[in-house]
Each structure stands twice: as structure tokens, then as C-alpha cells.
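What the coordinates show
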Amino acid sequence: MPDDAPTLDLLALLPEDWRAVLTPHLDPARTAALAEFVAGEYATRTVYPPVEDLFSAYRLCAPADCRVLILGQDPYHKAGQAHGLSFSVREGVSVPPSLRNVFKELGEDLGVPKPSSGNLSGWAAQGVLLLNAVLTVREATPGSHANRGWEEFTDATIRALDAMGSRVVFLLWGGYARKKAALVTNPQHVVLEAGHPSPMNPRGFLGSRPFSAANKALADAGLPTIDWERSAG
């Protein structure tokens with residue numbers, strides 16, 4: 001790598017507690033190659049989320065506090081949308097179509113009124129890890145950072161949670177996320193699969209009742225449930 005090439009230490013950007021649990025599951029050479037790719041993309045392209053938001057999901061939900069994982073595919077690719085939490089957008093940003101379906105299902109499942117904001121940081125604060133399988137994307141180019149190493153990074157996250165001593169409920173939405181079910185091998189955990197909430201997927205998500213099912217799984221393990229009505233932080 002040239003001396004003037006941009007650099008990015010992904011592990012140094014992670015909170016210390018996450019760095020400790022992820023490192024045993026990561027290949028150093030592949031993580032370094034991912035970091036080199038991501039650094040070059042941020043230096044030469046418009047990439048979302050902004051680098052300061054890259055690990056927002058990890059900052060807002062410590063591994064010891066995680067009770068639910070919601071796994072998306074990759075970040076929103078339009079300006080001002082992605083801020084490091086899967087499906088979430090910042091205050092004041094129009095709610096994207098997939099998130100509208102999430103809120104529709106939330107209403108039908110638990111009777112929760114439609115939230116006024118698409119910011120899901122309130123879920124994160126309660127122990128919901130809002131993770132995408134791929135954590136960066138080029139502007140206007142969905143899937144552009146797939147197969148560059150993020151998948152191994154987020155697989156390591158699932159493996160780290162699988163090793164936790166307390167139940168975690170894994171909500172895997174869509175074919176891309178559902179492939180990760182095989183990574184959950186500890187029988188104390190619960191995997192709930194459904195279709196992707198995108199309007200382009202007319203079946204499989206609406207009617208899946210993931211929020212009540214997640215809370216039942218938590219209650220069955222003697223854990224506090226999620227107040228899904230408290231989405232905004």
C-alpha cells in the first residue's frame with residue numbers, strides 16, 4: 001500500500017467492549033483488507049453512513065446489553081438517510097418505504113401508533129442491535145460494498161452474540177439476513193425469520209408479528225421486554 005494511501009483502523013473505531021468480543025472471530029488480514037478498501041472509498045467517493053456514524057449501532061448497544069438483533073442488508077444510499085443503525089433515519093428525514101412497512105407491522109402487531117420519526121435510537125438504547133450485514137455503501141449504488149469483507153465482520157458480531165450467556169433474539173428479515181441463521185448455534189437463543197420489509201417484497205414480512213414474538217422469547221427467558229413504542233431516542 002502506498003505511503004500516502006488513506007488508512008482506517010476499524011477495530012480502533014469500535015467501542016472497547018465490542019472490540020474485545022469481536023477480535024477472536026476476525027481474521028486480521030481480511031480485516032486489514034476491508035479497512036484499506038473502506039478507507040479508499042471514503043477518500044474518493046461519497047459513502048454512507050458518514051464515517052463518524054459507521055459504528056453507531058455498536059456504540060448505542062453494548063454486547064452485554066444486547067437482547068435483540070435486527071439484521072438488515074446494507075445502509076440507505078441516499079444523502080442524509082443512513083446514520084449507522086439498520087432501517088433507521090435521522091430526525092426530520094422522511095421515513096423510507098421499508099421502515100414504513102416496519103411501522104405498519106408494529107402497529108398491527110402491538111397496536112403501536114405510527115411513530116413521528118424514523119429514528120430508531122430508542123430501540124438501540126434498550127438493547128436492540130440495529131445491524132446491517134454490510135456497513136457502508138456508495139451513494140446511489142445499493143450493494144456496492146457487498147463481498148468486500150463486511151460480511152465476515154458482521155458474521156463475527158453474530159458469533160460473538162451467540163457466545164453470550166444470556167438469550168438474544170435474532171430477527172432476520174429477508175433472504176440475505178436469513179442466511180445468517182446458521183451462525184446461531186446456542187440453543188438458548190431464538191431466531192425469528194421473515195421476509196424483507198421492502199415494498200418490493202409483497203409477502204413474508206407483513207403479518208409476521210416479530211415484535212410480540214421477540215418480547216415473548218425474552219419474557220420466557222426471564223428478561224425485560226422491549227418497549228417497541230419507544231423508538232426515538
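Residues numbered from 1 in each chain as written. Predicted model: local features only at pLDDT ≥ 70, side-chain atom pairs only at ≥ 80, totals over all residues. Heavy atoms only, no water.

Looking at an unreviewed UniProt entry, one finds the protein named Uracil-DNA glycosylase and attributed to Micromonospora citrea. UniProt, in its Subcellular location (unreviewed entry) section for the protein, records the words "Cytoplasm". Under the UniProt heading Catalytic activity (unreviewed entry), the entry covering the protein gives this text: "Hydrolyzes single-stranded DNA or mismatched double-stranded DNA and polynucleotides, releasing free uracil." (UniProt positions renumbered as here; feature names shortened; annotations may be inferred.)

Some thoughts on the overall build of the protein
When helices and strands are counted, the protein shows nine helices and six strands. In summary, the protein has a C-alpha radius of gyration of 17 Å against a globular reference of 17 Å for 233 residues, a match within 12%. When the backbone C-alpha atoms are referred to their principal axes, the protein occupies close to 55 × 40 × 30 Å. Looking at the protein as a whole, 54% of its 233 residues are labelled buried. (Helix = DSSP H or I, 4+ residues; strand = E, 2+ residues; numbered from the N terminus. Rg over C-alpha atoms; globule rule 2.2 N^0.38 Å. Buried < 20%, exposed > 50% of the residue type's maximum accessible area, 1.4 Å probe, protein only.)

Concerning the pairing of strand β3 (residues 128-132)
In terms of residue burial, β3 counts as a mostly covered element, since five of its five residues are buried. Because side chains alternate across β3, one face comprises the buried residues Val128, Leu130 and Asn132, and the other comprises Leu129 and Leu131, equally buried. With five bridges connecting them, strand β2 (residues 68-72) and β3 associate as parallel partners. In the sheet register, Gly72 faces β3, and the bridge partner there is Asn132. (Pairing = 2+ DSSP bridges.)

Overview of the pattern of salt bridges
When the charged atoms of two side chains with opposite charge come close together, those side chains can pair. Counted according to the given criterion, the structure contains eight salt bridges. Between Arg90 and Asp53 there is a salt bridge, with its nearest N and O atoms 2.2 Å apart. Placement of the pair is Arg90 in the loop between β2 and α5 (97-110) and Asp53 in the loop between β1 (47-48) and α4 (56-60), with a sequence separation of 37 residues. Here Asp155 makes a salt bridge to Lys180, at a shortest N to O gap of 2.7 Å. Here Asp155, found in helix α7 (residues 150-162), pairs with Lys180, found in the loop between α8 (175-178) and β6 (190-194); they are 25 residues apart in sequence, far enough to count as distant. Ionic contacts of the salt-bridge type, sharing partners, join the residues Glu105, Glu108 and Arg209 into one network. (Salt bridge = Lys/Arg side-chain N within 4 Å of Asp/Glu carboxyl O.)

Quick notes on the nonpolar core
Grouped together as the largest cluster of nonpolar side chains are 70 residues, with contacts concentrated most on Ile70, Trp123, Trp150, Phe153 and Trp228. No other element matches α7, which puts six residues into this core. When residues no more than four places from it in sequence are discounted, the contact partners of Trp228 are Val68, Ile70, Leu106, Leu110, Trp123, Val128, Phe211, Ala214 and Asn215. (Core = buried A, V, L, I, M, F, W, Y, C linked by side-chain atoms within 4.5 Å. Contact = heavy atoms within 4.5 Å.)

Overview of the UniProt feature "active site" (unreviewed entry) in the protein
The UniProt record annotates "active site" (unreviewed entry) at Asp74. Excluding residues that lie within four positions of it along the chain, Asp74 makes contacts with Asn132, Val134, Val137, Pro142, Gly143 and Ser144. At a separation of 2.7 Å, a polar atom in the side chain of Asp74 contacts the main-chain amide nitrogen of Gly143. (Polar contact = N/O pair within 3.5 Å; in protein donor to acceptor, adjacent residues only side chain to side chain.)

Focus: the sheet that holds β2
Across the sheet, four strands lie side by side as β3-β2-β5-β6; this open sheet has parallel pairing. Each having just a single partner strand, β3 and β6 make up the two edges of the open sheet. For this sheet, the mean angle separating the axes of adjacent strands, direction not counted, is 15 degrees. Its contacts with the sheet put α7 on β2, β3 and β5 (169-173), and the angle it makes with β3 is roughly 155 degrees. Docked against the sheet, helix α9 (residues 210-220) engages β2, β5 and β6, running at close to 160 degrees with respect to β5. (Axes fitted to C-alpha atoms, helices over the stretch in contact; angles between N-to-C directions.)

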